[in-house]
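Geometric and topological summary
Here's the letter readout for the chains.
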Amino acid sequence: MSLANAAKWALVLWTLICVGLGFFRFADTTFPLNPPPGVHGELHIALQAMRAYQYWGAIWIAPAAALFLVWRLRREVDEDSASRRRAVERRQPVATRVRKAVFNVHTLRGALGVLAILIVWQLAQPLGIPIIKRIPPLSEVVSRFFDDRGLFWRDKYWAGWVISLFRIFSGFMLALLIGVPQGLAWGISRTMKAVSFPVFEIFRPIPPLAFLPAAIYLMPTAELSIIFVIFLGAYFTIVINTINGVYNVDKSMQRAALSLGARRGDIFWRIIFPGTLPSIITGATVGMGITWMVLVAAEMIAGRSGIGFLTWESYTAGDIPQVVVGMASMGVGGAICSAVIWRLGVNLTPWRRLF
Amino acid sequence: MQALLDFLGRVEIFKDLGRETLEKIATVCEEKRLPRGTIVYRTGETPDYFYILKQGAVSHPGLLGARGSSDGLARTPGDLFGLAAVAEDMRRRVFTVECLEDTTVYAINGARLREIVKLDPSTGYAVMQRFAGLMAKAEGFVPARTGALSIRNAGKIYDPEGVHVIAVEDCSVEVPPGGICVVVGPSGCGKTTLLNTIAGFDNLTTGEIHLDGDLIAAPGRALKPGPDRIVVFQQGALFPWKTVLDNVTYGPVIQGKMSRKESEGHARGLMEKVGLAGIESQYPGEISSGMRRRVEIVRALINDPKILLLDEPFRALDALTKSVMHEYLLELYDLSHKTIFFITHDLEEAIFLADVVVIMTTRPGRVKKLISVDLPRPRTYRMLTSKRFLAFKQETIEGVHEEALKAFEAGERELA
């Protein structure tokens with residue numbers, strides 16, 4: 001395993017270098033706020049943003065690669081683990097899985113619920129339901145979305161998706177990368193927690209958005225300040241959930257492992273970590289939700305692009321149907337992200353699929 | 001007389017003996033009728049007699065399970081039991097026997113038989129050898145000659161500088177190898193503390209604990225928890241993220257004692273033997289709580305511990321499952337004869353399982369009374385209503401009730 005260890009540490013080092021380089025490179029980047037006029041002006045923004053993000057992207061690509069490698073090595077070690085065999089055994093063909101996921105009674109009920117809301121929305125004006133009747137009806141919003149000057153046809157909208165998702169992803173990944181190890185460390189070591197937890201507790205109640213003015217002032221670019229605020233949104237939840245997850249790992253489980261001959265390292269990697277995993281996933285799911293809330297507000301204030309910014313722009317232009325389009329987009333984006341996290345969680349904790 | 005001679009002649013072990021010797025044996029034979037349920041060689045009796053089955057059926061509980069249930073029985077006329085009575089100075093090694101139906105036996109004084117057979121000029125020596133061989137074979141099926149637990153004046157004080165809670169004080173218990181020691185006592189009397197110190201999770205403030213002569217706990221000295229003293233916890237501690245098979249193989253694999261393949265083969269074999277086949281690839285969350293307890297006990301046994309520490313393992317089970325689990329545990333016990341240190345609140349459970357019941361006083365926990373339960377093994381649920389069982393229960397209740405009352409009045413919180 002020495003080779004594997006060497007590979008692991010090499011990757012960690014590389015990650016650190018990437019983070020450093022990425023940070024300085026990114027700090028230098030100024031966004032092309034005024035792209036050269038052209039047919040695909042907005043697409044140009046998106047491409048520029050992605051180019052700027054490529055170093056930044058190294059931050060999460062490198063750890064992802066490291067995790068993947070560790071996972072592969074682990075798998076070779078545990079080749080014959082019954083748990084893994086079991087997980088593989090239960091995996092059905094993709095077609096079957098998709099069919100089962102789409103055509104089942106739960107999906108149907110969900111669709112019915114969405115449909116009901118859509119109907120109420122559409123009929124609110126004719127029926128005169130208070131407050132809701134002032135929202136532009138569904139048909140109007142849809143036609144606004146698809147009409148000649150509708151967002152559907154504009155690069156700005158799709159570039160906004162890309163940029164917003166990048167921001168979410170960067171902030172969220174940072175929160176996971178920092179928050180999970182920190183939560184685990186605090187959960188395990190009373191000393192570490194005693195020293196630094198009070199500071200954390202003072203910062204925690206401050207809403208992420210309250211950090212925004214300070215972040216804009218402190219961070220080299222507006223982009224970084226948005227990501228920082230998004231990071232804060234997910235970070236606190238993830239840390240708190242991870243700590244509680246460690247505390248909730250049954251003490252007798254650790255004792256049983258000791259009694260069966262496990263060493264301290266085994267206890268951490270094979271008992272505490274898998275035992276905390278469900279809580280980490282819960283934290284990540286909640287954190288992802290907060291991330292979207294924060295994103296929009298941050299983009300409204302500090303951003304010049306993204307879905308949140310588009311929504312704000314539409315409001316200032318008095319285009320209420322388009323505001324609703326923006327809102328719906330955020331809703332869908334958030335739902336997709338949550339679904340992805342949930343799905344990952346299910347795959348990471350196959351033993352909980354039973355419940 | 002002639003019939004007896006013919007019968008003796010047909011007994012496998014006596015063939016080749018001269019007619020004169022057989023006649024001599026016949027004179028010392030006493031025919032005995034043993035009604036159903038009679039227990040021969042009860043603990044504490046001196047087993048002078050060796051028996052030849054004439055008719056009926058008896059069980060050899062000590063051998064049950066180890067040889068498969070049918071082999072623990074003597075049914076055919078001419079079967080022998082109490083071989084150790086024939087050997088010199090081995091009388092403590094006979095196995096308890098229970099008559100399953102009305103039985104007729106020939107009882108022969110072991111020492112006399114030995115003298116007579118030895119005198120046979122031609123084959124006496126060979127017959128004695130045969131006796132020795134048979135006995136050795138039976139002994140081979142009764143493993144576990146390790147796991148002698150000795151707790152001497154053990155004491156534990158929590159927070160000696162501050163609150164000074166005396167959890168256990170001057171507690172001394174001896175458990176012979178392969179014995180089942182059940183500790184009962186009111187909540188908070190330090191039973192679990194005692195178990196934790198044996199397991200190595202906690203240390204003692206006075207006294208010492210030995211396992212097979214090795215010091216495992218003394219003030220300022222505690223042997224790390226290890227696979228020679230495995231604990232089964234009251235809430236259950238199977239790892240939910242591992243399948244049943246991975247849980248069972250966890251010990252051997254993490255200790256590096258076996259490769260994963262090897263240990264899985266071993267685990268499958270063991271699980272099949274104890275009736276757990278077919279659930280290997282299930283997660284613990286998918287099986288019943290009774291099943292989980294069984295898996296947990298198997299997970300402990302696969303490590304071949306010297307002693308099994310059970311901390312109220314059946315507390316969370318319903319009464320019906322519990323009674324089945326008791327028989328199951330005893331079945332496993334017969335397979336391995338591990339020393340068992342068992343903690344419980346349930347007196348019936350205690351008596352049903354135990355060789356010796358230790359009643360502890362309310363805090364500070366001291367040994368109030370030791371009751372040795374000499375009910376024969378294997379024990380079945382029918383015994384729960386037998387007179388002897390009830391007598392033991394009475395004795396235990398009297399011991400415990402007083403303490404429970406004291407604990408109740410003191411209103412103390414249970415100490416973990």
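Criteria and thresholds
Residue positions are given per chain, counted from 1 along the sequence in the order it is written. Chain letters and ligand numbers both follow the written order, the letters beginning at A and the numbers at 1. The predicted nature of this model means local features are confined to residues of pLDDT at least 70 and side-chain atom pairs, given and counted, to a pLDDT of 80 or more, with totals for whole chains, interfaces and linings taken over all residues. Excluding hydrogens and water, the side-chain figures rest on all heavy atoms present in the structure. Counting from the N terminus, the helices are the DSSP runs of H or I reaching at least four residues and the strands are the DSSP runs of E reaching at least two. Contacts are residue-level and defined by heavy atoms, with any inter-residue pair within 4.5 Å sufficient. The accessible surface values rely on the Shrake-Rupley method and a 1.4 Å probe; as for residues, cover is taken only from the protein chains in view. Buried, partly exposed and exposed residues are distinguished by accessible area as a fraction of the type maximum, computed with a 1.4 Å probe on protein chains only: under 20%, between the cut-offs, and over 50%, respectively. Take the accessible area each of two parts loses on contact, using a 1.4 Å probe, and add the two losses: that sum is the buried area. Whenever Lys or Arg places a side-chain nitrogen within 4 Å of a carboxyl oxygen from Asp or Glu, that contact is recorded as a salt bridge. Counting of polar contacts relies on pairs of N or O atoms within 3.5 Å, with two restrictions inside protein: one atom must be capable of donating a hydrogen and the other of accepting it, and residues adjacent in sequence are counted only when both atoms are side-chain atoms. In predicted models, pLDDT denotes the confidence assigned by the predictor to each residue on a 0 to 100 scale. Between any two strands, pairing holds if DSSP finds at least two bridges. Each patch is assembled from residues with relative accessible area greater than 30% and no salt bridge, linking like charges that lie within 9 Å and nonpolar side chains (Val, Leu, Ile, Met, Phe, Trp, Tyr) that lie within 5 Å. Only the six-membered ring of Trp is used, alongside the rings of Phe and Tyr, when aromatic pairs are assigned; centres must lie within 6.5 Å, and planes under 30 degrees apart are stacked while those over 60 apart are edge-to-face, with the rest tilted. Geometrically, a charge over a ring is one whose NZ (Lys) or CZ (Arg) sits within 6 Å of the ring centre while staying within 35 degrees of the ring normal. We count Lys and Arg on the positive side and Asp and Glu on the negative side, and we leave His and both chain ends out. Interaxial angles span 0 to 180 degrees and are taken between N-to-C directions of axes, which are lines fitted to C-alpha atoms, for helices over the stretch in contact. In this scheme, roughly parallel covers angles under 35 degrees and roughly antiparallel covers those over 145, while 65 to 115 is roughly perpendicular and the rest are oblique. Crossing handedness is defined as follows: a turn of the near helix away from the far one that is anticlockwise and smaller than a right angle gives a left-handed crossing, while the clockwise case is right-handed. Note on residue categories: nonpolar means Ala, Val, Leu, Ile, Met, Phe, Trp, Tyr, Cys or Pro, charged means Asp, Glu, Lys or Arg, and polar means any other residue, Gly included. A helix is expected to span 1.5 Å multiplied by its residue count minus one. A residue's bend is the angle separating two fitted axes: one through the seven residues that end there, the other through the seven that start there.

The next point concerns the overall build of chain B. Within chain B, the secondary structure is distributed over 11 helices and 19 strands. When contacts within chain B are restricted to residue pairs at least 6 apart in sequence, long-range pairs at least 24 apart make up 72% of them. Carbon and sulfur atoms provide 52% of the accessible area of chain B, an area that totals close to 18,200 Å².

This part is about the overall build of chain A. Counting its secondary structure elements, chain A contains 14 helices and 0 strands. For chain A, the N- to C-terminal ordering of α and β elements is α-α-α-α-α-α-α-α-α-α-α-α-α-α. By residue count, 41% of the 355 residues in chain A fall in the buried class. Nonlocal contacts in chain A, meaning residues at least 24 apart in sequence, comprise 70% of its contacts between residues at least 6 apart. Taken as a whole, chain A presents about 19,900 Å² of accessible surface, with 70% of it coming from carbon and sulfur.

Here we take up the interface of chain A and chain B. One frequent convention defines the size of an interface as the accessible area lost when the parts assemble. Contact residues are listed per partner, giving 29 residues for chain A and 35 residues for chain B. Between chain A and chain B the total buried area reaches about 2,700 Å² when both faces are included, carbon and sulfur atoms providing 59% of it. Counting the contacts that link chain A with chain B gives 0 salt bridges. Our count for the chain A to chain B interface comes out at 4 residue pairs in polar contact (both at pLDDT 80 or more). When residues of the side of chain A that touches chain B are assigned to their parent elements, the largest contribution, 7 residues, is made by helix α11 (residues 251–259) of chain A.

Right, let's talk about the side chain of threonine 361 of chain B for a bit. Residue and element names in this part refer to chain B. Topologically, threonine 361 is positioned in the loop between β18 (356–360) and β19 (367–372). For threonine 361, a relative accessible area of 13% gives the class buried. Among the polar contacts made by the side chain of threonine 361, one reaches the main-chain carbonyl oxygen of proline 364 at a distance of 3.0 Å. Contact partners of threonine 361, with chain neighbours within four places excluded, come to Cys189, Arg366, Lys368 and Glu403.

All names here are of chain B. Averaged over all residues, the pLDDT of chain B equals 80, while 89% of them reach at least 70. Segment residues 61–70 is flagged for pLDDT under 50; beyond a separation of four residues in sequence, or across chains, it makes 23 contacts in the model. If you check the scores for this complex, the pTM reads 0.70 and the ipTM reads 0.70.

A word on the pairing of strand β3 (residues 49–55) of chain B. The side chains of a regular strand alternate, first on one face of the sheet and then on the other. Residue and element names in this part refer to chain B. As paired elements, β3 and strand β8 (residues 103–109) share 6 bridges and run antiparallel to each other. When the sheet's bridge partners are listed, isoleucine 52 is paired in β8 with tyrosine 106. Note: β3 against strand β6 (residues 80–81), 2 bridges, orientation antiparallel. Residue isoleucine 52 lies in a different strand from β6, and its bridge partner there is leucine 80.

Turning next to a nonpolar patch on the surface. Residue and element names in this part refer to chain A. Taken together, the side chains of Leu112, Leu115, Ile119, Leu123 and Leu127 make up a nonpolar region of the molecular surface, amounting to roughly 490 Å² of accessible area. Residue position: leucine 123 is located in helix α5 (residues 105–127). Looking at leucine 123, the relative accessible area reads 38%, which means it is partly exposed.

Here we come to the packing of aromatic side chains. All names here are of chain A. For the structure shown, the criterion picks out 26 aromatic pairs over all chains. Taking 4.8 Å as the distance between ring centres and 50° as the angle between the ring planes, the aromatic pair formed by phenylalanine 146 and phenylalanine 152 counts as tilted. Residue phenylalanine 152 is classed as partly exposed on the basis of its relative accessible area of 28%. One aromatic cluster is present, built from ring pairs that chain together Trp186, Phe197, Phe200, Phe203, Phe211, Phe228, Phe231, Tyr235 and Phe236. Taking NZ or CZ as reference, lysine 193 lies 4.6 Å from the ring centre of phenylalanine 197, over its face.

This next bit is on the side chain of lysine 191 of chain B. Position of lysine 191 of chain B among the secondary structure elements: in helix α5 (residues 191–199). Within the buried core, lysine 191 of chain B has no salt-bridge partner, and the shortest N-O distance to an opposite charge, that of glutamate 312 of chain B, equals 4.7 Å.

Let us look at the sheet that holds strand β10 (residues 165–175) of chain B. Residues and elements named next belong to chain B. Taken in spatial order, the 5 strands make up an open sheet running β10-β9-β12-β13-β14, and their pairing is antiparallel. Edge positions in the sheet fall to β10 and β14 (221–222), since each has one partner strand and no second. With 5 bridges connecting them, strand β9 (residues 149–158) and strand β12 (residues 206–211) associate as antiparallel partners. Each bridged residue has a counterpart across the sheet, and for leucine 149 the counterpart in β12 is leucine 211. Set on the sheet, α5 makes contact with β9, β10, β12 and β13 (214–218); between it and β9 the angle comes to about 115°.

Residue and element names in this part refer to chain B. Between helix α6 (residues 244–254) and helix α8 (residues 289–301), the shortest axis-to-axis distance is 7 Å and the interhelical angle comes to 30°. In terms of orientation, α6 and α8 fall into the roughly parallel class. Helix-helix and strand crossings are classified by hand; for α6 and α8 the assignment is right-handed. In this structure, α6 uses Val244, Asn247 and Val248 to contact α8, whose residues at the interface are Val295, Val298 and Arg299. Class assignment of the residues belonging to the contact of α6 with α8 gives a composition of 4 nonpolar, 1 polar and 1 charged.

All names here are of chain A. It is at 8 Å that the axes of helix α7 (residues 155–188) and helix α13 (residues 307–316) come closest, and there the two elements cross at 135°. In terms of orientation, α7 and α13 fall into the oblique class. Residues Lys156, Tyr157, Gly160, Trp161 and Ser164 of α7 form the contact with α13, whose participating residues are Ile307, Leu310 and Glu313. Along the lines of polarity and charge, the residues of the contact of α7 with α13 split into 4 nonpolar, 2 polar and 2 charged.

Take helix α8 (residues 190–203) of chain A next. Residue and element names in this part refer to chain A. If you check α8, its first and last C-alpha atoms are 20 Å apart, about what 14 residues at 1.5 Å a residue would give, namely 20 Å. Maximal helix bending in α8 amounts to about 45°, located at serine 196; proline proline 198 follows within four positions. Every buried residue belonging to α8 is among Lys193, Phe197 and Phe200, and all of these are buried. Of the surrounding elements, those touching the buried residues of α8 are α7 and α10 (222–248). The N-terminus of α8 is capped by serine 189, whose side-chain oxygen sits 3.4 Å from the backbone nitrogen of threonine 191.

Residue and element names in this part refer to chain B. In space, the 6 strands of this open sheet follow the order β15-β16-β17-β11-β18-β19, with mixed pairing throughout. Edge positions in the sheet fall to β15 (229–232) and β19, since each has one partner strand and no second. Between one strand and the next, the sheet's axes are offset by a mean angle of 15°, whatever the strand orientation. Bridge count between β15 and strand β16 (residues 307–311): 4 bridges; the pairing is parallel. Bridge pairing links valine 231 to leucine 309 in β16. Taken strand by strand, α5 contacts β11 (180–184), β15, β16, β17 (339–344) and β18, and its axis lies near 150° from that of β17.

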